[in-house]
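So the chains spell out like this:
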Amino acid sequence: MQDIRKLTRALGAQLQTTPEYTRFIAAQQANEADEGLNAQMQQLELIRLQYKHEATKESADEALMEDFDRQFQTLYNEIMENPNMEKYREATNSLSELLKWITSVLQGCAQGEDPASFEPEPSCGGDCGGCAGCG
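The structure contained in this document is the topic of the report that follows. (Residues numbered from 1 in each chain as written. Predicted model: local features only at pLDDT ≥ 70, side-chain atom pairs only at ≥ 80, totals over all residues. Heavy atoms only, no water.)

## Observations regarding the overall build of the protein
When its secondary structure is counted, the protein shows 5 helices and 0 strands. Listing each helix as α and each strand as β along the protein from the N terminus yields α-α-α-α-α. Against the compact-globule benchmark of 14 Å for 135 residues, the protein has a radius of gyration of 21 Å, which places it well outside the compact range. Overall, the C-alpha framework of the protein stretches about 60 × 35 × 30 Å when taken along its three principal axes. (Helix = DSSP H or I, 4+ residues; strand = E, 2+ residues; numbered from the N terminus. Rg over C-alpha atoms; globule rule 2.2 N^0.38 Å.)

Pasting the structure below:
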């Protein structure tokens, strides 16, 4: 049992040397340093809280809630178009794909697959936005 834990920690250390991880950390740090982006995210949270507060009222103002919703969507779209956020989203997706592959290989091996040759089947997450096509 100790060997598998030691190997898992070694795998984690290796993971932190991959380009996917390095890009993720750099993108995360760029987001944290982007004062404009952080101000927008704080404003987005404020709008969300205002909407939630209004929604809990017995006689909520529907027009006000629609206005909060419009403000939220507009600001959300601006945030998602921020170059730092785009890089962060891409880096997160790339790291996530690597982690899914690792997990799939481990699950395959736990089901008796050959660790040296097992290749997980590509899976569809349902979002075709960045897909090269089903194959």
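After that view, the rundown keeps rolling.
## Brief notes about the packing of helix α3 (residues 35-55) against helix α4 (residues 62-81)
Contact geometry for α3 and α4: axes closest at 9 Å, N-to-C directions at 160 degrees. Of the possible angle classes, the one that applies to α3 and α4 is roughly antiparallel. Considering the relative orientation of α3 and α4, their crossing is left-handed. Together, L37, Q40, M41, Q43, L44, I47, R48, Q50, Y51, E54 and A55 of α3 and L64, M65, F68, D69, Q71, F72, L75, Y76, E78 and I79 of α4 make up the contact between the two elements. Partitioned by chemical class, the residues of the contact of α3 with α4 number 13 nonpolar, 4 polar and 4 charged. (Axes fitted to C-alpha atoms, helices over the stretch in contact; angles between N-to-C directions. Parallel < 35°, antiparallel > 145°, perpendicular 65-115°, else oblique. Left-handed = near helix turned anticlockwise from the far one by under 90°. Contact = heavy atoms within 4.5 Å. Nonpolar A, V, L, I, M, F, W, Y, C, P; charged D, E, K, R; others polar.)

## Comments concerning the nonpolar core
If you look at the biggest cluster of nonpolar residues, it comprises 8 residues: L37, L44, I47, F68, L75, I79, M80 and M85. Listed by contribution, the elements that provide at least two residues to this core are α3 and α4. When residues of this core are assigned to their parent elements, the largest contribution, 4 residues, is made by α4. Counting 6 residues, the second largest nonpolar core, distinct from the first, contains L15, F24, A27 and A91. (Core = buried A, V, L, I, M, F, W, Y, C linked by side-chain atoms within 4.5 Å. Buried < 20%, exposed > 50% of the residue type's maximum accessible area, 1.4 Å probe, protein only.)

## Here's the deal with a negative patch on the surface
On the surface, D61, E62, E66 and D69 cluster together into a patch of negative charge. For D61, a relative accessible area of 37% gives the class partly exposed. (Patch = residues over 30% accessible without salt bridge, like charges linked within 9 Å, V, L, I, M, F, W, Y side chains within 5 Å. Areas by Shrake-Rupley, 256 points an atom, 1.4 Å probe, with all protein chains shown as cover. Salt bridge = Lys/Arg side-chain N within 4 Å of Asp/Glu carboxyl O. Lys, Arg positive; Asp, Glu negative; His and termini not counted. Charge placed at Lys NZ, Arg CZ, Asp CG, Glu CD.)

## As for the side chain of D34
Relative to the helices and strands, D34 resides in the loop between α2 (19-33) and α3. Of the side chains with opposite charge, K87 lies nearest to the buried D34, which makes no salt bridge, at 9.7 Å. Engagement of the side chain of D34 in a polar contact is seen with the side chain of N82, the distance being 3.2 Å. A polar side-chain atom of D34 sits 2.8 Å from a polar atom in the side chain of N84. Aside from chain neighbours lying at most four places away, what touches D34 is N82 and N84. (Polar contact = N/O pair within 3.5 Å; in protein donor to acceptor, adjacent residues only side chain to side chain.)

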